[in-house]
Structure formats: structure tokens, C-alpha cells
Amino acid sequence: MDAVEEIKSRLAIEDIVGEYVQLKRAGRNFKGLSPFGDEKTPSFMVSPEKQIWHDFSSGKGGNVFSFVMEMEGLDFKAALELLARKAGIDLEQYGSRPSNTKLKDRLYKALEAAARFYQVQFTQNKVALDYVLGKRQFSKDTALNFRLGYSPNNGTALLEFLRKREFTDTELEKSGLVTKRYNRMSDMFRGRLMVPLQDVRGQVIGFTARLLEDIDNAPKYINTPQTLLYDKSRHVYGLHLAKDKIRREGFAVLTEGNLDVIASHQAGIINTVATAGTALTEQQLKIIGRFAGDIRLAFDADKAGIAATERAIPIASHANVSLSIVTVPEGKDPDDLIRQDVKLWEAAVGNSQYALDWLIERYSKQLDLTSGQGKRRFSDILLPIVKSLKDAVEQDHYIQEIAKKTGVRVEALRTKLDNDASPKRLKQKTNTSSVQSSKIQLEWAKAQDHLLSLALMRPALRNQLDLIDAEMMPQESARQLLEYLQTHADFDGNLSQAPLLQSIADYVKIVSLQYEALFNDLDEHEAQYEANRLRVRLIDIFVKTKKAQIAEALRETDDDTAQKLLARAKSLDSLLKTSKEPM
């Protein structure tokens, strides 16, 4: 048995899910309110027998690992380590535990002890208290929630404290808490406000330290250096407190300062997080994107903030998130705006503008687009960003927008965009998700799963799959199950007798769970009617999606290709008509 199966055997999925969702027994299964949205009627189901969960409202589902990954925003490796600890399993015996895990555990403990030490020192330092409670106007509850602290200025206070707790100098140096100066160990941070940096699970992994008194040539902020636990390029400040709200609100506000996050949370906009300055990375956007694909950037309106915003647009495209810009008045940062009037900050967040539209508007005002030089400069700035966009439809849209703004021919802009690229590069098939709304995507997935659930559990209904092919299924697991059901007419749903389905076993279990919840009590005629309805719905969504893609492609294509596309559209109409005929 491998580590994954051992963890599954030791942990009851209902116990792990129950740590996040209040579950109630419903026959052989458990039900609860979806953790992915606000609902009054429970649509979230857990099957102890199948060790599977499924959320009918969002269409999400999987095993205990996928649930923890969804809720905590973790990758598989981190979820494996978390669940292994809960199960009391030493991953080292499976050859998958890294040799530095014991060191990591010690570093976590040292950093946690340091955070508590700094918090105690904070309560006893008037300068730090005046700055936080007075100048910054943070409440005591806010200071406690974010675990704000203070580092004494004598040089070795933390070092001596942690040595007494049997941490070695090597461990403390590797944690980033101490450093060696002139061959002597001393505290890394001295005389500063301490802001703990915590990972998505709330574990302290480092600190940001802010200077409280002006000292010549001393940097205002310093961070923990790169360590085994802290990676500046991957850390998102405040995510452990913001993740649930981000998931429920459907968007995240991203600032460049830790204190901006603290102020925003105190003002009630809890779905706010931060990077370490303006060095935004693709990894950070992907981490936030696990909770919501809508990210609203609120960097300061200074030169560095504007430059960072421009750099962020192509990064967001590669991270598959939608980036919009929160306009903060020049000379202010979010913290300033909040202290002036919380409603100004709320309005700014609510009126965010899609990033590339924001950039086009900004440079339209700055440059003279009636002059040749202004048009050249405008296209110099924007075309490289447009070129970096992954989606062909979005890329084509903005080429046309730039053409309208400058009065330049689209063809000239395309030539400048990439002299080696042919127009076909902009006519590639687009991903369905760029054409269809998220609502249609969810409906499509539900029609797919529900039809397969009926065909899986009632072999007599498999004739409803006759008009269905793999292209109509938006998910790869569904395509595999479809092919299997179409070629194994006598399959009774017993996974142990179907080795070809083992790679998608969890998906098959989810589909069978949906059948139990939705269709188990239907008589033969009701089940036949429902399967027929779902078949028509699935084909209808597929046809509309393909025709939307064809319509986009017809805007710019040669006559021969256009004729082929029109013939394809006609065949799709015929398919839809056939699907509506009674079987």
C-alpha cells in the first residue's frame, strides 16, 4: 500500500470534511451546506462508503486530498504532508518524505516561538503601541488577529530566549531569525515592528520588520531572507485569513503592502492580500487563483506601482486569472484611503477596471494619438502586452481596440505584433471557457455528469449515448467513461471488474454518488425521460458553443475556410434537430 492509500485507510473523509463543513447524516451519506458559496439548502454530499465528496452547487468533487487542496489552497504535496500528520503517518518510510522534513518542523516551532516572543515585547513597548494604535489607528483586536509584535533593540534578546528553549544556533540561522555578524550570532531584527508572515495554513514562516524611528541609511522594511520555509516569490500575505472570504466573494484584492492588508481587513474588506512589494509573480497569482479567478490589483499610484501593474498583465494571462485594476488616487495608498474614508476604498474596489482596458485608457490620455510619434509609442507599449495574451479572441479584440484608438489599420498592427506570425496565429481555436460564461460551463458539466450517471447505473439507458461523442464532453474523465460505457454494454458499475477505469475511479464514484442523490428513486419511464432530456441539453450546449467559435472564426478567414465552417455549422444544426427526436 502506498502513502496515499494508507492515509485514505486511516482517515475517514467525513471527519476531515467535518472540520470545515457541518455535516448531518442523510441515509448512507452525509449532507451539509456548500463551503464554496452561500446557500440555504444543503447541496454538499459526502459518501463514507466511496470516500468521495461532491458539491452539487459548484460541480466540484473528489477525494479527501482534493477537498483539502480546495479548502486550503494547497498543492498535492502539501496536502499529502498535512493529511499524513493527521493520520500519524511517517512519509519517510514510503520514500516520499524529504530528508529535511524534521528540520522544517523545528523551524516552524522556532518561528512560532519567536512570534509569541515579539507579541509579548509589543505589549511593553510604548513606541510600537503608539505607532500601531495611534498613527495607524489599528484596534487591539486587529493587532492580535495579525499577531503584530516588536523586536527589542539590544541585539541578542530573541537569540537568548530561543537558546533557552533548546533551539540550536544552526536552526535559528536557517529560520532567518538570527544572523552572524563579526563571527557572532545576533538577532536579525532589532527595534522594529514585527509583522509575522504566515502560510495558507496560518503557520509562521517569516517576518516583515518595519522601522519605527528614522535612522540614516536604514531601510524602512526588511524581510526574512529566503529560507527552507519562506519563498518571497510564492508567499501571499494574509491569505490564511482571507481565503474563505475570497472564495465566497469570488474575487481577491491584491495590494503591495502588509499594512494595507491589515487596514483593509479592519475596514471589513477581508478578501484582501498582499505581495512583498511590487514583485508580483505568476506563482502568487496561481496560488490566489485557487480560491478565485478574479484578482483586483491595488498597487500604489507611484511610478513603481504603475510599472508593476504593466508587468502584471501578461503574468495574469499565463496564470489563467482575470486581472483588473483598482484605481487609488495619486499620492495615496490603500491604507491612506481607508483612514480618510472607508467608503472611498470600498468604492474603488467595486469600480475596478479590466487591466488592459485600464492601460489603454491611461496611455490614451498621456500620449498624443493624433501624431505619428504618439501612435508609435502607444503601440510600442501595448502590443507586446497584447502579444503575451494566451487567448486568441482576447488578443484579436485588443488589436482592433488599438487600431480604433490610433486610426491605424489592423493589418499594420498585426505586422508589427509579430512579423513572423501569420494571421492564422490569431484564428486558432479558442478554449471553450473563453467563449462561454462560467454559468454555462457549470450547466454543461452537470448535463455531462448526470447523463453519465444514469447510463452508468442503468445499462438499459445506454442507447441515450448513441449520438454522443467525446468532443461533447468538456472533461477528460467524462470522455474516458463515455468511451467505456459505449463499448461495454454489460458493465454493471463494479469498478473492481473494470481495470480500464481505475485511472478515473474517483470520477466514476462521484458520478455514482450523483445517481444515488438524484435518480435512484426514479421509475423506468421517469429515468428514460430524464436521460433523454439530459442528452438533448448536452448536445444543445455543445452546438451553441461550437457555433460561437465558428462565428468568431468567420470574422476573418478566406473563402474556402469559410465554406467549411458554414458546412460545419449546418451539420451541428442537423445534429441538434436529430437529438430532439424521440428515441
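To continue, consider the nonpolar core. Ranked by internal contacts, the top residues of the largest apolar core, which has 76 residues, are F44, L83 and L356. The greatest single-element share of this core, amounting to 7 residues, is contributed by helix α4 (residues 76-87). Among the nonpolar cores identified, the runner-up in size contains 58 residues, and A157, L162, F207 and I262 belong to it.

Here we take up the pattern of salt bridges. Under the definition given, this model contains 33 salt bridges. K60 is paired through a salt bridge with E70; the nearest N and O atoms lie 3.3 Å apart. Here K60, found in the loop between β4 (52-55) and β5 (61-62), pairs with E70, found in helix α3 (residues 64-72); they are 10 residues apart in sequence, far enough to count as distant. The exposure class assigned to K60 is partly exposed, which follows from its relative accessible area of 29%. Accessibility expressed as a relative area gives 23% for E70, which makes it partly exposed. For the salt bridge of K416 with D380, the shortest nitrogen-to-oxygen distance reads 2.7 Å. Taken together, the residues span a long stretch of sequence, with K416 in helix α19 (residues 410-417) and D380 in helix α17 (residues 372-388) at a distance of 36 residues. We classify K416 as partly exposed; its relative accessible area is 39%. A residue is classified by how much of its surface remains accessible, and D380, at 30% relative accessible area, is partly exposed. One salt-bridge network, held together by shared partners, links R28, E49, K50 and E516.

In this section: helix α22 (residues 476-487). The terminal C-alpha atoms of α22, which comprises 12 residues, lie 17 Å apart, in line with the 16 Å expected from a rise of 1.5 Å per residue. For α22, the set of buried residues is A478, L481, L482, Y484 and L485. With its buried residues spanning 165° around the axis, α22 presents them on a single face. Turned more than 90 degrees away from the buried face of α22 sit E483 and T487, all of them exposed. Buried positions along α22 lie against α21 (438-457) and α23 (505-518).

Further remarks concern the packing of helix α16 (residues 355-366) against helix α18 (residues 392-406). It is the contact of α16 with α18, at a shortest axis distance of 12 Å, that shows an interaxial angle of 15°. Classed by the angle they form, the pair α16 and α18 counts as roughly parallel. Between α16 and α18 lies a crossing whose hand is right-handed. Residues L356, D357, I360 and S364 of α16 lie in contact with α18, whose contacting residues are Y398, E401 and K405. Its residues assigned to classes, the contact of α16 with α18 shows 3 nonpolar, 1 polar and 3 charged.

About the thresholds
Residues numbered from 1 in each chain as written. Predicted model: local features only at pLDDT ≥ 70, side-chain atom pairs only at ≥ 80, totals over all residues. Heavy atoms only, no water. Core = buried A, V, L, I, M, F, W, Y, C linked by side-chain atoms within 4.5 Å. Buried < 20%, exposed > 50% of the residue type's maximum accessible area, 1.4 Å probe, protein only. Helix = DSSP H or I, 4+ residues; strand = E, 2+ residues; numbered from the N terminus. Salt bridge = Lys/Arg side-chain N within 4 Å of Asp/Glu carboxyl O. Expected span 1.5 Å × (residues − 1). Arc of directions from axis to C-beta. Contact = heavy atoms within 4.5 Å. Axes fitted to C-alpha atoms, helices over the stretch in contact; angles between N-to-C directions. Parallel < 35°, antiparallel > 145°, perpendicular 65-115°, else oblique. Left-handed = near helix turned anticlockwise from the far one by under 90°. Nonpolar A, V, L, I, M, F, W, Y, C, P; charged D, E, K, R; others polar.

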